Amino acid sequence: MSEDDVVQYLSQKPDFFSRHTDLLESLTLPHPVNGKVISLLEYQVNLLRKTTADYRSQFERLVDVARDNESTMQKSRRLVLAGLTCSSLDDLAVVIDDMVRDDFEVSHHALILYGEFPDSAIRTHQLVEDDAFLSHAAGFSDCFCGVLPANEMNYLFADDASSIESVAVLPLLSRAGGGIKRCGVLVLGAESKSAFDKEKGALFLQYVADLLSAILLRLLP
């Protein structure tokens, strides 16, 4: 009788070992960790423990994801509601200040609009070809996490630039008509390299950038 025959027979007789418990107790297998000989029953117990631990780990990961999703939803809700109350560009600046402080908990940010807005206190910048100050930050059409060149960091954050280890660049765009019009940029600066590591996903940041862009477009003259 071959091994395949044995496997097939046991598959067809799932109650075989329950009718031959003495045989079950005499069977031995190598321990999955230390290699020592153990009974089949002990092997099954160890296997069940490992499976249970794997399921527990998966469950804990799902709980963490659910918590992150809930947090993201609450942050998004606050931003949308706050954006609906904005009646001026300066109102938007206040909303962004609150969001950066309460939701992102980062110590530095720079909000810049492209063009001239004499009725607003928001910082403005005139985009030019081969811009010496914002060529990188202004060039993104999607969110970026990582670091920017030193000259741009100094332009964005002045004396605080040396203390910032990572940034998130949120482009504020209009995509009307299928084209891209650059309206401004929000740059978040953190004093930790891991806060906006380029290896991390930027899905939530992109969502925030899209929301802010929609609010901004409603307020632009």
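Here's what I pulled together on the structure shown here. Bear in mind the structure is a predicted one, so any value in this text is a computation, not a measurement.

Scoring rules and cut-offs
- Residues numbered from 1 in each chain as written.
- Predicted model: local features only at pLDDT ≥ 70, side-chain atom pairs only at ≥ 80, totals over all residues.
- Heavy atoms only, no water.
- Buried < 20%, exposed > 50% of the residue type's maximum accessible area, 1.4 Å probe, protein only.
- Helix = DSSP H or I, 4+ residues; strand = E, 2+ residues; numbered from the N terminus.
- Pairing = 2+ DSSP bridges.
- Axes fitted to C-alpha atoms, helices over the stretch in contact; angles between N-to-C directions.
- Contact = heavy atoms within 4.5 Å.
- Phe/Tyr/Trp six-rings, centres within 6.5 Å; stacked < 30°, edge-to-face > 60°.
- Lys NZ or Arg CZ within 6 Å of the ring centre and 35° of its normal.
- Lys, Arg positive; Asp, Glu negative; His and termini not counted.
- Salt bridge = Lys/Arg side-chain N within 4 Å of Asp/Glu carboxyl O.
- Disulfide = S-S within 2.5 Å.
- 1 Å grid on protein atoms, 1.4 Å probe; cavity = no way out; pocket = protein on both sides within 12 Å on 5 of 7 lines; lining within 4 Å.
- Points joined across faces, edges and corners; volume = space filled by probe spheres on them.
- Nonpolar A, V, L, I, M, F, W, Y, C, P; charged D, E, K, R; others polar.

A positive phi is found at Glu-105, a non-glycine position, where the angle reads about 55°. According to the relative accessible area criterion, Glu-105 is exposed, its value standing at 66%. Unlike most non-glycine residues, Ala-158 shows phi in positive territory, near 50°. Within the fold, Ala-158 resides in the loop between helix 6 (150-157) and strand 6 (166-174).

Our next topic: the sheet that holds strand 7 (residues 181-190). As summarised here, the arrangement of the five strands in space is 4-3-7-6-5, forming an open sheet in which the pairing is mixed. Only two strands of the sheet have a single partner each, and these edge strands are strand 4 (123-125) and strand 5 (144-146). Neighbour to neighbour, the strand axes of the sheet diverge by 25° on average, direction disregarded. Bridge count between strand 3 (residues 108-114) and strand 7: six bridges; the pairing is antiparallel. Across the sheet, the residue bridging to Leu-113 is Gly-184, located in strand 7. With respect to the sheet, helix 5 (residues 89-104) is in contact with strand 3 and strand 7, its orientation differing from that of strand 3 by roughly 155°. In the packing of helix 7 (residues 203-219) onto the sheet, contacts are made with strand 3, strand 5, strand 6 and strand 7, and the angle to strand 6 comes to roughly 40°.

As a further point, take the pairing of strand 6. Strand 6 sits mainly inside the fold: nine of its nine residues count as buried. With nine bridges connecting them, strand 6 and strand 7 associate as antiparallel partners. The residue of strand 7 that forms the bridge with Leu-172 is Gly-184.

A full pass over the atoms with the stated rule returns three aromatic pairs. One residue, Arg-123, lies across the ring of Tyr-155, its end atom 4.6 Å from the ring centre.

Before going further, it helps to spend a moment on the side chain of Asp-131. Mapped onto the elements of the fold, Asp-131 is located in the loop between strand 4 and strand 5. Comment: no salt bridge for buried Asp-131; closest opposite-charge side chain is Arg-123, at 9.9 Å. Other than its neighbours up to four places away in sequence, Asp-131 contacts His-125 and Gln-126.

What follows covers the state of the cysteines. The full count for this structure, using the stated rule, is zero disulfides. Looking at Cys-143, it has no disulfide partner, and the nearest cysteine sulfur is the one in Cys-145, 7.1 Å off.

Attention now goes to the pattern of salt bridges. This model, assessed by the stated rule, comprises four salt bridges. The salt bridge partner of Arg-175 is Asp-142, with a shortest N-O separation of 4.0 Å. Note that Arg-175 is positioned in the loop between strand 6 and strand 7 and Asp-142 in the loop between strand 4 and strand 5, a separation of 33 residues in sequence. Among the residues examined, Asp-142 registers a relative accessible area of 45% and is labelled partly exposed. If you follow the salt bridges from partner to partner, you end up with Asp-98, Arg-101 and Asp-102 in one network.

Bringing the layout of surface pockets into the picture now. One number sums up the size of the second largest pocket: a volume of about 160 Å³. As for the second largest pocket, its lining consists of Ser-87, Ser-88, Leu-89, Asp-90, Glu-116, Phe-117, Pro-118, Asp-119, Ser-120, Leu-219 and Pro-221. Grouping the constituent residues of the lining of the second largest pocket by class yields five nonpolar, three polar and three charged.

That's the geometry; what it means functionally is another story.
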